[in-house]
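The residues making up each chain are set out below.
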Amino acid sequence: MKKRNYLIAGNWKMNGTLGSLREVIELDKALNNPEIELVLCLPATIIHPAVKKVLSTHLRIGAQNCHHHQEGAFTGDVSAKMLKDIGANFVIVGHSERRQAYGETSELVKEKASAVINEGLMTIICVGETEEQKNNSQTEEIVCAQVKKSMPNAANEKNTVIAYEPIWAIGTGKVPSLDDIKKIHGSIRSLLGKIKGEDVSQRMRILYGGSVKPGNAKDIFCLEDVDGALVGGASLKAADLVEIAKYAQVY
Ligand code: PGA
């Protein structure tokens, strides 16, 4: 029995203005497979206008980060409560660009994920090793520690998705071997089993991210514990994301 629907999540990062909403409209029109869930995590400035443009039930709009408090004296920050208010359904937390550039720890990522879950939204928790850690054969150790420390107690398959993104594969065109992806996704799944129990672990989605393109998506999506992708660069053009989503069939 099929336990998990594929999720394709686009991450626009700090790209996109109101003019870019034409890509959102194009994507919205192209989606027609109810088995596949697609979310575009947009810059905060265009979330609300994008939400207003989306007509299909298959496309959701999300954010790329949030503060761990609901409100208060945090100049320049945006909370999960505010993102919910403008119609976001998903929030990425712990992206490696934030872990690295802003020193976000797994402990903070856990608080952010909790804030997202408390608002009734879906969180995508990102984990991944550096190139150096990979070369030192530390991938499993690093990634599993991040999953353990970043995941709130309340996390389950209905409110949380894990995205495995090797840092050295992000925006570089480099992708781990299929065997390596399969192995680490399997390790994350068995860790989830230990922390959350077999039922939740079999239903929680684990995405792969890092240089996913129309040309490599099919092979990656065929892997047993891969339930979709977190896509950066290739999500900026609707046509590329539609192409990637086409490969997300139910096996
Ligand atoms: P990429 O980015 O697809 O451009 O490698 C992925 C990500 O950072 O989420």
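What counts, and at which threshold
- Residues numbered from 1 in each chain as written.
- Predicted model: local features only at pLDDT ≥ 70, side-chain atom pairs only at ≥ 80, totals over all residues.
- Heavy atoms only, no water.
- Buried < 20%, exposed > 50% of the residue type's maximum accessible area, 1.4 Å probe, protein only.
- Helix = DSSP H or I, 4+ residues; strand = E, 2+ residues; numbered from the N terminus.
- Pairing = 2+ DSSP bridges.
- Right-handed = clockwise from strand over helix to strand, strands pointing away.
- Salt bridge = Lys/Arg side-chain N within 4 Å of Asp/Glu carboxyl O.
- Arc of directions from axis to C-beta.
- Contact = heavy atoms within 4.5 Å.
- 1 Å grid on protein atoms, 1.4 Å probe; cavity = no way out; pocket = protein on both sides within 12 Å on 5 of 7 lines; lining within 4 Å.
- Points joined across faces, edges and corners; volume = space filled by probe spheres on them.
- Disulfide = S-S within 2.5 Å.

The next point concerns the pairing of strand β8 (residues 228-231). Burial along β8 is two-sided: the face carrying Gly228 and Leu230 and the face carrying Ala229 and Val231 are both buried. Relative to β8, strand β1 (residues 6-11) runs parallel, the two being bridged by four bridges. Considered in β8, the bridge of Ile8 is made with Ala229. Pairing of strand β7 (residues 205-209) with β8, which is carried by two bridges, proceeds in the parallel orientation. Residue pairing for β8: Gly209 is matched across the bridge by Leu230. As for the winding sense of the linkage, the β-α-β connection from β7 through helix α10 (residues 214-221) to β8 is right-handed.

With the rule as written, the count across this model stands at 14 salt bridges. Lys158 is the salt-bridge partner of Glu157, the closest N and O atoms lying 3.7 Å from each other. By relative accessible area, which is 66% here, Lys158 ends up exposed. Taking the shortest distance from any N to any O, the salt bridge between Arg203 and Asp199 comes out at 3.4 Å. In this pair, Arg203 and Asp199 are both assigned in helix α9 (residues 198-203), four residues apart and thus about one turn of the helix distant. We classify Asp199 as exposed; its relative accessible area is 52%. Salt bridges sharing partners connect three or more residues here, namely Arg4, Arg189, Asp225 and Asp227.

By the burial criterion, the buried members of helix α1 (residues 21-30) are Leu21, Glu23, Val24, Leu27 and Asp28. An end-on view of α1 places all buried positions within 150 degrees of arc, on one side of the element. Exposed residues pointing more than 90 degrees away from the buried face of α1 are listed as Arg22 and Lys29. Those residues of α1 that are buried lie in contact with β2 (36-41), α2 (47-53), β3 (59-63) and α11 (238-246).

Space inside the largest pocket adds up to approximately 610 Å³. Lining of the largest pocket is provided by 22 residues; of these, Met14, Gln64, Asn65, Arg98 and Tyr102 occupy positions nearest its centre. At three residues, the largest contribution of residues to the lining of the largest pocket is made by helix α4 (residues 96-101).

Applying the stated rule across the entire model yields zero disulfides. Cys41 takes part in no disulfide bond, and the closest cysteine sulfur, belonging to Cys126, lies 8.9 Å away. By relative accessible area, Cys41 is classed as buried at 0%.

Moving on, we get to the pairing of β3. Extensive coverage of β3 is indicated by the burial of four of its five residues. Examined bridge by bridge, β2 and β3 share four bridges and lie parallel to one another. In the strand pairing of β3, Leu40 is matched with Ile61. Sheet topology places β3 next to strand β4 (residues 90-93); two bridges connect them, and they run parallel. Bridge pairing in β4 links Gly62 to Phe90.

Any functional reading would require information that these geometric values do not contain.
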